[in-house]
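If you want the building blocks of each chain, they are given just below.
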Amino acid sequence: MHVGIIMDGNGRWAQQRGLIRTQGHLEGLKAAKRIVKAASDMGLQYLTLYAFSTENWKRAAEETGFIMGLVKQYLRGEMNFYRQNHIRIRHAGDAAGLPPDIAAEIATAAADTKEFSGMQVILALNYGGRDELVRAVRRLAGQGHDMAAVAEEDIAACMDNPDVPDPDLIVRSAGEYRMSNFLLWEGAYAELYVSAKFWPDWTGEDLAGAIDAYRNRSRRFGGIAANGG
Ligand code: FPP
């Protein structure tokens, strides 16, 4: 099973407590660690975390810099945990548009974990669904593909992680009913689950609740196979 998460509400979480936004992101990182651990313990196969969108660059440099710093800290600090849990790290998004040190960090984490056969964590960083589609089309054209004869499979094969199955479930925290440019192509048939809880408050139980809701929903509509794994 593949779950994608739109980790929203860090800013509101902080605001509610009279804290600065970056404090919310710091707590958001802690929540991401809890969720990765819980997902791995549950035996989930694929988890995509929307950590930074192509649109997030519109925010103040202080905030974007802080989030990038957190990503670096996260990747460095969790290596032992990945090794122990056989977690493979991958990237979705435009690496060329990331600060070079962050792109290098993520490439290193991906290379160091690429043989691990446990859960795959896909970090969506400088990611936009439309941007991914545009880059896929450019890759196809670059391969000299006959663009007038292009098929769905050709585009799918040029996405950032073509071997990763489409998400079965897309979860969003903090109550907004929006896709926000997340996995637009891959999420065409994903079930959606929105929770009012702000991301920094998320625990493994919230993830389990989302997956339970998905399973019940799927069971109602048939499709046992879609639940597999
Ligand atoms: C959305 O909350 C959250 C983000 C834009 C950043 C998410 C980043 C992290 C949780 C840290 C990095 C994570 C990993 C896994 C390396 P918001 O700021 O849009 O909240 P708001 O809508 O309440 O303002």
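Here the residue numbering is sequential within each chain, running from 1 through the sequence in written order. With pLDDT at 70 or above as the cut-off, local features in this predicted model cover only qualifying residues; side-chain atom pairs require 80 or more to be listed or tallied, and sums for whole chains, interfaces and linings still use all residues. Values reported for side chains reflect all heavy atoms of the structure, with hydrogen atoms and water molecules removed beforehand.

## Some thoughts on unusual backbone geometry
What counts, and what does not: For the purposes of this entry, the term helix denotes a DSSP run of H or I that reaches at least four residues, the term strand denotes a run of E that reaches at least two, and both are numbered from the N terminus.
In this model, histidine 86 sits at a positive phi of 55°, which is unusual for a non-glycine residue. Considering the arrangement of structural elements, one finds histidine 86 in the loop between helix H4 (79-85) and strand E3 (88-92). Positive phi is not limited to glycine here, since leucine 183 has a value of about 40°. Take leucine 183: it is sitting in the loop between strand E5 (169-172) and strand E6 (191-194).

## So, the layout of surface pockets
Spelled out, the test is: The pocket and cavity definitions rest on a 1 Å grid over protein atoms only: a 1.4 Å probe that fits but cannot leave marks a cavity, an open set with protein on both sides within 12 Å along at least five of seven lines marks a pocket, and residues lining either have an atom within 4 Å of a point. Grid points are joined across faces, edges and corners, and a volume is the space filled by probe spheres set on the points. Residue polarity follows a fixed list, in which Ala, Val, Leu, Ile, Met, Phe, Trp, Tyr, Cys and Pro are nonpolar, Asp, Glu, Lys and Arg are charged, and the others, Gly among them, are polar.
By volume, the largest pocket amounts to about 600 Å³. As for the largest pocket, its lining consists of 29 residues, and the residues nearest its centre are Met7, Asn10, Tyr50, Ala51 and Asn56. Elements supplying a minimum of two residues to the lining of the largest pocket: helix H1 (10-16), helix H2 (21-42), strand E2 (46-53) and helix H3 (61-77). Residue composition of the lining of the largest pocket, by class: 14 nonpolar, nine polar and six charged.

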